[in-house]
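Structural features, examined
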Amino acid sequence: MHKDQAARVTHTQGWGAYHLLALNSPEIASKAAPGQFIMVRTSPLYLPLLRRPLSIHAVSGPELHLFFQAVGAGTELLGQAGKGQVLDILGPLGRGFDLSGDLEGRRAALVGGGRGIAPLFFLAHALRQKGAEARVFYGGQSEGDLVLRERFSSAGFAAACSTEDGSSGFHGLVTDLVLRETAEAYAPDRLYACGPDGMLQAVAKLARRLNIPAELSLESIMGCGFGACWGCVHKIRKDGEEAWHKVCEEGPVFPAEAVVWGEEDR
Ligand SMILES: Cc1cc2nc3c(=O)[nH]c(=O)nc-3n(C[C@H](O)[C@H](O)[C@H](O)COP(=O)(O)OP(=O)(O)OC[C@H]3O[C@@H](n4cnc5c(N)ncnc54)[C@H](O)[C@@H]3O)c2cc1C
Ligand code: FES
């Protein structure tokens, strides 16, 4: 983990509540892996006191890219950051997606819901570098949530899209779109997902049904991001035991079968 108090914003782009920021942070960029995150101080003032966790959306040379949705005080402030502004960040943090082993010729389905699409861009590039085929499924409430479509397609990953209100792409949940595709022509041999809990649970079920492995990137409220506060725990099944584990250190990415959601996933 590295602390960079001089991460300069080099580029910004916004679509309503969604924002893309590029930051110059060579040390963190050089160590980042897909699925890891950084903790960002969103204001130089006293409040918000705690840093906010954001996934590493992409790495380009010395730059880190972040993609986020403004949902509260911290992300609203970050969305106002301009080119040249200096941010204080910690990272890279956590355990990302498992890219070990030979992935040549593998078929991966990447499932992102809303802002949960953020880490999948970095992942798609890493899978391609390892010779795997990455197919992206991108879901939102409505068309206005699918702001990264162009970014994916210009990088060579045409995303299959869905909206719950039917304003664009498949009308329904992104997991139903994946289900439809897998029932027709496409047979992935692994799933990766990031998004709201309901979507992650549906992906876990789908993986069980298709009998393929899945990895889920969990969101939890984080105080520190590096294991000190126990603010981020989630129930995880490990060696046959269910216990509370720190999402910031042991995750945020977990194998789907390890994540305990409650009675409904038994
Ligand atoms: C590992 C990790 C990676 C993340 N990556 C991204 C990302 O790439 N892009 C992105 O848009 N968001 C991401 N998030 C979620 C993001 O951290 C929260 O939206 C942000 O911290 C909210 O801060 P705020 O000050 O704007 O809102 P607050 O005012 O703190 O909260 C606003 C609302 O968001 C809820 N909230 C706060 N923190 C979280 C959280 N960590 N997870 C879920 N809900 C939260 C609060 O309960 C409240 O309802 C990630 C979260 C984690 C844990
Ligand atoms: S966020 Fe503090 S222990 Fe995980």
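A few points on the structure. Bear in mind that the values here come from a model prediction, so they are computed numbers and not experimental data.

This paragraph deals with the overall build of the chain. A tally of helices and strands in the chain yields seven helices and 16 strands. Taking 2.2 N^0.38 as the reference for a compact globule, 266 residues should give roughly 18 Å; the C-alpha atoms of the chain span a radius of gyration of 18 Å, in line with that estimate. Projected onto its principal axes, the C-alpha positions of the chain cover 50 × 45 × 35 Å. Burial status across the chain gives 51% buried among its 266 residues. For the chain, the proportion of contacts with a sequence separation of at least 24, taken over those separated by at least 6, is 64%.

The next point concerns unusual backbone geometry. Leu47 connects to Pro48 through a cis peptide bond whose omega is -10°. Cis rather than trans, the peptide bond between Gly251 and Pro252 has omega equal to 15°. Mapped onto the elements, Pro252 comes out in the loop between α7 (247–250) and β16 (253–255). Positive phi, close to 50°, is recorded for Asp239, a residue that is not glycine. Relative to the helices and strands, Asp239 resides in the loop between β14 (233–238) and β15 (241–246).

Moving on, we come to the side chain of Thr42. Among the secondary structure elements, Thr42 is positioned in the loop between β3 (37–41) and β4 (52–55). With near-sequence residues (within four places) excluded, Thr42 lies in contact with Pro48, Arg52, Gly74, Leu77 and Leu78.

Overall, the coordinates contain six aromatic pairs when judged by the stated rule. The interplanar angle of 90° and the centroid separation of 5.0 Å between the aromatic rings of Phe121 and Phe152 together place this pair among those described as edge-to-face. Residue Phe121 is located in helix α3 (residues 118–129), and its partner Phe152 is located in helix α4 (residues 149–154); the two are separated by 31 residues in the primary sequence. Assigned by exposure class, Phe121 and Phe152 land together as buried. By the ring-pair criterion, three or more aromatic residues cluster together here, those being Trp15, Tyr18 and Phe67. The ring of Tyr186 carries the charged tip of Arg135 above its face, separated from the ring centre by 3.8 Å.

What follows covers the site of ligand 1. Around ligand 1, the surrounding shell holds 20 residues, and the nearest of these are Arg52, Pro53, Gly74, Thr75 and Ser220. Within the contact set of ligand 1, an oxygen atom lies 2.6 Å away from a backbone nitrogen or oxygen of Pro53. Contact distances for ligand 1 include 2.9 Å between a nitrogen atom and a backbone N or O atom of Phe67. When ligand 1 sits alone it has 860 Å² of accessible area, and the protein chains cover 76% of it. Secondary-structure elements contributing two or more residues to the shell around ligand 1 are β4, β6 (63–69) and α2 (73–79). It is β4 that provides the largest number of residues to the shell around ligand 1, a total of four residues. Class assignment for the residues of the shell around ligand 1 results in 11 nonpolar, six polar and three charged. Looking at which domains feed residues into the shell around ligand 1, each of domain 1 (2–93) and domain 2 (107–265) gives three or more.

Attention now moves to a nonpolar patch on the surface. On the surface, Tyr46, Leu47, Leu49 and Leu50 cluster together to form a nonpolar patch covering roughly 460 Å² of accessible area. Mapped onto the fold, Leu49 is located in the loop between β3 and β4.

Quick look at the packing of helix α5 (residues 174–183) against helix α6 (residues 197–210) now. Angle between the axes and distance between the axes are the two parameters that describe a pair of packed helices. Remark: α5 packs on α6, axes separated minimally by 9 Å, with the N-to-C direction vectors making an angle of 20°. By the criterion of interaxial angle, the relationship of α5 to α6 is roughly parallel. Seen along the crossing, α5 lies across α6 with a hand that is right-handed. Contacts between α5 and α6 involve Val174, Thr175, Val178, Leu179 and Thr182 from the former and Met199, Ala202, Val203, Leu206, Arg209 and Leu210 from the latter. Each residue belonging to the contact of α5 with α6 can be placed in one class, and the counts come to eight nonpolar, two polar and one charged.

With 14 residues, α6 should cover 20 Å at 1.5 Å per step; its first-to-last C-alpha distance of 20 Å lies within 8% of that length. Those residues of α6 that sit buried are Met199, Leu200, Val203, Ala204, Leu206 and Ala207. The arc that holds every buried residue of α6, seen down its axis, measures 165°, which confines them to one face. Projecting away from the buried face of α6 at angles above 90 degrees are the exposed residues Lys205, Arg208 and Arg209. Structurally, α6 contributes buried residues whose contacts are with β8 (107–113), α5, β12 (190–194) and β13 (214–217). Looking one or two residues beyond α6, the residue adopting positive phi is Asn211, at roughly 60°.

What counts, and at which threshold
- Residues numbered from 1 in each chain as written.
- Chains lettered and ligands numbered in written order.
- Predicted model: local features only at pLDDT ≥ 70, side-chain atom pairs only at ≥ 80, totals over all residues.
- Heavy atoms only, no water.
- Helix = DSSP H or I, 4+ residues; strand = E, 2+ residues; numbered from the N terminus.
- Rg over C-alpha atoms; globule rule 2.2 N^0.38 Å.
- Buried < 20%, exposed > 50% of the residue type's maximum accessible area, 1.4 Å probe, protein only.
- Contact = heavy atoms within 4.5 Å.
- Phe/Tyr/Trp six-rings, centres within 6.5 Å; stacked < 30°, edge-to-face > 60°.
- Lys NZ or Arg CZ within 6 Å of the ring centre and 35° of its normal.
- Near = heavy atom within 4 Å.
- Polar contact = N/O pair within 3.5 Å; in protein donor to acceptor, adjacent residues only side chain to side chain.
- Areas by Shrake-Rupley, 256 points an atom, 1.4 Å probe, with all protein chains shown as cover.
- Nonpolar A, V, L, I, M, F, W, Y, C, P; charged D, E, K, R; others polar.
- Domains from an automatic or database assignment.
- Patch = residues over 30% accessible without salt bridge, like charges linked within 9 Å, V, L, I, M, F, W, Y side chains within 5 Å.
- Salt bridge = Lys/Arg side-chain N within 4 Å of Asp/Glu carboxyl O.
- Axes fitted to C-alpha atoms, helices over the stretch in contact; angles between N-to-C directions.
- Parallel < 35°, antiparallel > 145°, perpendicular 65-115°, else oblique.
- Left-handed = near helix turned anticlockwise from the far one by under 90°.
- Expected span 1.5 Å × (residues − 1).
- Arc of directions from axis to C-beta.

By themselves, these figures tell us nothing about what the structure is for.
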